[in-house]
Amino acid sequence: MYKILKKETVAPQVEAMIIDAPYIARHHQAGNFVVLRIDEKGERIPLTIADADSEKGTITLLFQKIGKTTEKLGTLKPGTAIRDIAGPLGHATPILQYGHCVLVGGGIGSATLYPILKALNKKNNRVTVILGARTSDLLVWGDRFKALSDEVLFTTDDGSSGLKGLVTGALKDVMDKSEVKIVIAVGPIRMMQAVAELTKPYNIKTLVSLNPVMVEGTGMCGACRVTVGGKTRFACIEGPEFDAHEVDFHVLADRLEFYREEEQESMKLFKKKKCKRNCKK
Ligand code: NAD
């Protein structure tokens, strides 16, 4: 059992949870993720580790309440516990002395970049962070990123904070002005695809963290199949980060749609049950 120590709403429908998980905290490296199960009958879901404190033995998970399991996770209170958390899983982000690195985060995907920023910082890289969201409320952990980066650029689709427009506009400006050695992007598929298309003609090494459907996270079930460089790869054990210029984003998007109807049905049933318990007639 993994005790929830703290829970905080960081944006509408987005929660951050600090969880007691000493083994995972001690072995965590930037880019790793966990697979959790709320209770014995629970669905297994992957979540990237947004932060870890090896001394305190805690990890921080950020999640958007978009499906039955994340909605249920959001109802858990500090003091209660999560049944299983397997991890740290996946390959760590390759952290070298690159020079100028650009981290691009879209929406909730941004928090995933925080451990990568910390690790690049330790290697004395120059790091520019570009964080984009639809509107200012949805920009997460801006202050944390500011504290550790050389430069943070915020973009919002509606112009309510930072530059008006998409992250790719800001990225193009940075690449035009400076010799960027690596771009790491995490966020919605169409954003990662747009980043890949943008950096390719500049010949800049670009990594994206993929988020396919995942079940057990150790390479046995094959649910997380992705196509990279024309070959089938398992995101859980061979990723989750891959060369963005080799990823087939259409296959990834199609596979994510595969269980959409079942996911919606499950969410409807969960909300109905929750309402039966809580709504006064
Ligand atoms: P969103 O749709 O609101 O987009 C966030 C930002 O991404 C936008 O403001 C924009 O700047 C950029 N963007 C979106 N579409 C773009 C395009 N076509 N071209 C260029 N830029 C574009 O995002 P959201 O609703 O917050 O969703 C976050 C996504 O992050 C989810 O899809 C989630 O699955 C994903 N995510 C991924 C990981 C991971 O590890 N890969 C982790 C957490 C979340």
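What you see is a predicted model, and the numbers here were worked out from it, not measured in a lab.

The rules behind these values
Residues numbered from 1 in each chain as written. Predicted model: local features only at pLDDT ≥ 70, side-chain atom pairs only at ≥ 80, totals over all residues. Heavy atoms only, no water. Pairing = 2+ DSSP bridges. Helix = DSSP H or I, 4+ residues; strand = E, 2+ residues; numbered from the N terminus. Domains from an automatic or database assignment. Contact = heavy atoms within 4.5 Å. Buried area = accessible area lost by both parts, 1.4 Å probe. Salt bridge = Lys/Arg side-chain N within 4 Å of Asp/Glu carboxyl O. Polar contact = N/O pair within 3.5 Å; in protein donor to acceptor, adjacent residues only side chain to side chain. Nonpolar A, V, L, I, M, F, W, Y, C, P; charged D, E, K, R; others polar.

**Student:** Which residues make up the pairing of strand E4 (residues 44–53), and what are the values?
**Tutor:** Sheet topology places strand E3 (residues 33–37) next to E4; 5 bridges connect them, and they run antiparallel. Paired with Leu-36 across the strands is Ile-45, a residue of E4. Between E3 and E4, which pair antiparallel and follow one another directly, the connecting turn spans 6 residues. Joining the antiparallel neighbours E4 and strand E5 (residues 58–64) is a turn of 4 residues, in which Gly-57 adopts a positive phi near 75°.

**Student:** Give me the lowdown on the sheet that holds strand E6 (residues 81–82), citing residues and values where you can.
**Tutor:** Judged by pairing direction, the sheet is antiparallel, and its 7 strands sit side by side in the order E6-E1-E2-E5-E4-E3-E7 without closing on themselves. Each edge of the open sheet carries a strand with a single partner, namely E6 and strand E7 (84–89). Relative to E5, strand E2 (residues 14–20) runs antiparallel, the two sharing 7 bridges. Each bridged residue has a counterpart across the sheet, and for Ala-16 the counterpart in E5 is Leu-62.

**Student:** If you had to explain the domain arrangement of the protein to someone new, which residues and values would you point to?
**Tutor:** By domain assignment, the protein separates into domain 1 (2–89) and domain 2 (100–256). One C-alpha centre belongs to domain 1, the other to domain 2, and the line joining them spans 21 Å. With 21 residues of domain 1 at the contact, the number on the domain 2 side is 21 residues. Taken over both partners, the interface formed by domain 1 and domain 2 buries close to 1,600 Å², and the fraction arising from carbon and sulfur atoms is 67%. Counting across the interface, domain 1 meets domain 2 through 2 salt bridges. Note that Lys-118 is salt-bridged to Asp-51, the shortest N-O span being 2.6 Å. The tally of links from domain 1 across to domain 2 stands at 4 residue pairs in polar contact (both at pLDDT 80 or more). Going through the elements one at a time, strand E1 (2–11), E3, E4 and E5 are the ones with two or more residues in the side of domain 1 that touches domain 2. With 7 residues, E4 is the largest single contributor of residues to the side of domain 1 that touches domain 2. Split by residue class, the side of domain 1 that touches domain 2 holds 14 nonpolar, 5 polar and 2 charged.

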